[in-house]
Protein chains: 4
Amino acid sequence: MSNQNYQDLLETLHDCMTACNHCFNSCLQEDDVKMMAECIRLDRECADICSYLESAISRNSPFIKELATVCAKICTACGEECKKHQHDHCQKCADACFKCADACKKIS
Amino acid sequence: MSNQNYQDLLETLHDCMTACNHCFNSCLQEDDVKMMAECIRLDRECADICSYLESAISRNSPFIKELATVCAKICTACGEECKKHQHDHCQKCADACFKCADACKKIS
Amino acid sequence: MSNQNYQDLLETLHDCMTACNHCFNSCLQEDDVKMMAECIRLDRECADICSYLESAISRNSPFIKELATVCAKICTACGEECKKHQHDHCQKCADACFKCADACKKIS
Amino acid sequence: MSNQNYQDLLETLHDCMTACNHCFNSCLQEDDVKMMAECIRLDRECADICSYLESAISRNSPFIKELATVCAKICTACGEECKKHQHDHCQKCADACFKCADACKKIS
């Protein structure tokens, strides 16, 4: 992986982590929290694995491919759930998740 | 800290982490998710810091006291929120949080 | 998974996490730190994924199987490295890693 | 905190996390690993708390101030250790740590 690709990947993971955590926080403040329950659950799953993979990549973990495979799957699941909801934070989160899933697939 | 006290503390943190994560999952499946929003938020905060402190203690981190001080505060806040709700998972979580807050205060 | 199996798995992960972090800390204090470099690296990898999986299981993550597959691989790699070294903390860590790898394979 | 300050803080934490993890990985490959033992230990401590605080800030945790206080202390300790070593990765890590400690102090 070139240094530029590596920096881009770390930034994509970081953007997805912050988008998911922002969506998590925003969903908890919506009127229709019940409708957002799966979104809340998956936002946490996705934020946590993106954060984990960021750290793993930057410490040169020998298991980046395996972790990126799982991360791509979680990002896709979170993006698909977020996409169902019209809240701006959900739509932005879906975009970040799908972009991150693609980036993870490239290294997995 | 004696070895027995150390094992007891790790177990208390572990019990609090699992109680909070179980409560998080259960709250997301309740009918009244909106009423549980702060409980969901604090369950995540508390599970994550307990997990973090467990790892820090077991790797002999030089910052255990400072982390335990923060953990005690988060456990107390989570326990107070959980205590308001009559769900069995909330009441059990409150007990685990208060027990963990006490254990953390002893080393902070 | 029965409740007993679930409790056993959480305990096995917890034991592996603490064994790896204890080994990490002990390796850093050995005379021959250079010889322990890969052990130090893998101890961190293994402690972190065990801690992650513990939390994921207890919050009923939809991705437990995928995470357990990665965890089994990391536990095996850490166990194989630890097994090479005669320090008591390395041998105990290897045992905990292999036991945890087996437990993870059963749910992956 | 303005949105720009918030973005800057997340970036500073991210830079410190990656610098610490890069330093951790590089130290493990140095000839003089024994001399780097405390650097390796503190790099992990610092990378982990920066990663934790990044996530906490982005999910609007009610405990940002307390966590930032601990993070500032850990960044300072890691920066002081790194500064003792002439390796390029240590010097760069020290800079990132001191910058991050300052940023954390502003919100703590």
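For the structure, see preceding data.
Please read all numbers here as calculations on a predicted model, not as lab measurements. (Residues numbered from 1 in each chain as written. Chains lettered and ligands numbered in written order. Predicted model: local features only at pLDDT ≥ 70, side-chain atom pairs only at ≥ 80, totals over all residues. Heavy atoms only, no water.)

Looking now at the overall build of chain A. Across its full length, chain A holds four helices and zero strands. The N-to-C order of helical and strand elements in chain A reads α-α-α-α. In terms of overall size, chain A behaves like a compact globule, its C-alpha atoms giving a radius of gyration of 14 Å where 108 residues would be expected to give roughly 13 Å. Its C-alpha atoms put chain A at 45 × 20 × 20 Å along the principal axes. Taking the intrachain contacts of chain A between residues at least 6 apart in sequence as the baseline, contacts between residues at least 24 apart amount to 68%. Total accessible area computed for chain A in this model is approximately 4,300 Å², and 49% of it derives from carbon and sulfur atoms. In chain A, 12 positive and 17 negative side-chain charges are present, and the distance between their average locations comes to 5 Å. (Helix = DSSP H or I, 4+ residues; strand = E, 2+ residues; numbered from the N terminus. Rg over C-alpha atoms; globule rule 2.2 N^0.38 Å. Contact = heavy atoms within 4.5 Å. Areas by Shrake-Rupley, 256 points an atom, 1.4 Å probe, with all protein chains shown as cover. Lys, Arg positive; Asp, Glu negative; His and termini not counted. Charge placed at Lys NZ, Arg CZ, Asp CG, Glu CD.)

This next bit is on the interface of chain A and chain C. Counting residues at the interface gives 19 residues for chain A and 19 residues for chain C. Taken over both partners, the interface formed by chain A and chain C buries close to 1,800 Å², and the fraction arising from carbon and sulfur atoms is 61%. At the junction of chain A with chain C, the criterion picks out six salt bridges. Lysine 73 of chain C is the salt-bridge partner of glutamate 66 of chain A, the closest N and O atoms lying 2.5 Å from each other. (Buried area = accessible area lost by both parts, 1.4 Å probe. Salt bridge = Lys/Arg side-chain N within 4 Å of Asp/Glu carboxyl O.)

What follows is about the packing of helix 3 (residues 64-83) of chain B against helix 3 (residues 64-83) of chain D. For the pair helix 3 of chain B and helix 3 of chain D, the least separation of the axes is 10 Å and the interaxial angle reads 175°. Viewed along their axes, helix 3 of chain B and helix 3 of chain D adopt a mutual orientation that is roughly antiparallel. Mapping the contact onto sequence places Glu66, Leu67, Val70 and Lys73 of chain B in helix 3 of chain B and Glu66, Leu67, Val70 and Lys73 of chain D in helix 3 of chain D. Of the residues contributing to the contact of helix 3 of chain B with helix 3 of chain D, the split by class is four nonpolar, no polar and four charged. (Axes fitted to C-alpha atoms, helices over the stretch in contact; angles between N-to-C directions. Parallel < 35°, antiparallel > 145°, perpendicular 65-115°, else oblique. Nonpolar A, V, L, I, M, F, W, Y, C, P; charged D, E, K, R; others polar.)

On to a negative patch on the surface. A cluster of acidic side chains, namely Asp8, Glu11 and Asp15 of chain A together with Asp8, Glu11 and Asp15 of chain D, defines a negative patch on the protein surface. When residues of the negative patch are traced back to their parent elements, those giving at least two are helix 1 (3-28) of chain A together with helix 1 (3-27) of chain D. Mapped onto the fold, aspartate 15 of chain D is located in helix 1. Among the residues examined, aspartate 15 of chain D registers a relative accessible area of 37% and is labelled partly exposed. (Patch = residues over 30% accessible without salt bridge, like charges linked within 9 Å, V, L, I, M, F, W, Y side chains within 5 Å. Buried < 20%, exposed > 50% of the residue type's maximum accessible area, 1.4 Å probe, protein only.)

Within this structure, the stated rule accounts for four aromatic pairs over all chains. The side chain of arginine 59 of chain A reaches across the aromatic face of tyrosine 52 of chain A, ending 5.8 Å from its centre. (Phe/Tyr/Trp six-rings, centres within 6.5 Å; stacked < 30°, edge-to-face > 60°. Lys NZ or Arg CZ within 6 Å of the ring centre and 35° of its normal.)

All right, on to the relation of the copies chain A and chain C then. Superposition of the two copies of the chain requires a rotation about an axis together with a shift along that axis. Screw-axis analysis of chain A against chain C gives a translation of 0.0 Å along the axis, an RMSD of 0.0 Å, and a rotation angle of 180°. Interpreted geometrically, this transformation is the action of a two-fold axis. (Least-squares fit on C-alpha atoms with pLDDT ≥ 70 in both.)

In screw terms, the move from chain B to chain D is a rotation of 180° and a rise of 0.0 Å along the axis, fitting with an RMSD of 0.0 Å. Here 100% of the contact residues of chain B are again contact residues in chain D; the copies associate through an equivalent surface.

This next bit is on the side chain of glutamate 81 of chain C. Mapped onto the elements, glutamate 81 of chain C comes out in helix 3 (residues 64-83). A distance of 3.0 Å separates a polar atom in the side chain of glutamate 81 of chain C from a polar atom in the side chain of lysine 84 of chain C. (Polar contact = N/O pair within 3.5 Å; in protein donor to acceptor, adjacent residues only side chain to side chain.)

In this section: the interface of chain B and chain D. Each partner contributes to the interface: chain B provides 19 residues, whereas chain D provides 19 residues. Of the roughly 1,800 Å² buried at the junction of chain B and chain D (both faces included), carbon and sulfur atoms supply 61%. At the junction of chain B and chain D, the tally comes to six salt bridges. The shortest N-O distance in the salt bridge between arginine 59 of chain B and glutamate 45 of chain D comes to 2.7 Å. Taken together, chain B and chain D are joined by ten residue pairs in polar contact (both at pLDDT 80 or more). The set of elements that each furnish at least two residues to the side of chain B that touches chain D consists of helix 2 (37-58) and helix 3 of chain B. Take the side of chain B that touches chain D: its biggest share by element is eight residues, from helix 2 of chain B.

A word on the pattern of salt bridges. Inspection of the entire model under this criterion finds 32 salt bridges over all chains. A salt bridge links arginine 44 of chain B to aspartate 48 of chain B, with the nearest nitrogen and oxygen atoms 3.9 Å apart. One end of the pair is arginine 44 of chain B and the other is aspartate 48 of chain B, both in helix 2 and four residues apart, which spans about a single turn. Per residue, the accessibility class of arginine 44 of chain B equals that of aspartate 48 of chain B, and both read buried. One salt-bridge network, held together by shared partners, links Arg44, Glu45 and Asp48 of chain A, Arg44, Glu45 and Asp48 of chain B, Arg59 of chain C together with Arg59 of chain D.

Another aspect to go through is the side chain of asparagine 21 of chain A. Tracing the backbone through its elements, the reader meets asparagine 21 of chain A in helix 1. What makes asparagine 21 of chain A buried here is its relative accessible area of 0%. For asparagine 21 of chain A, the contacting residues outside a window of four places in its chain are Ala47 of chain A, Arg44 of chain B together with Ser55, Ser58 and Arg59 of chain D.

Distances and angles like these do not, on their own, reveal function.
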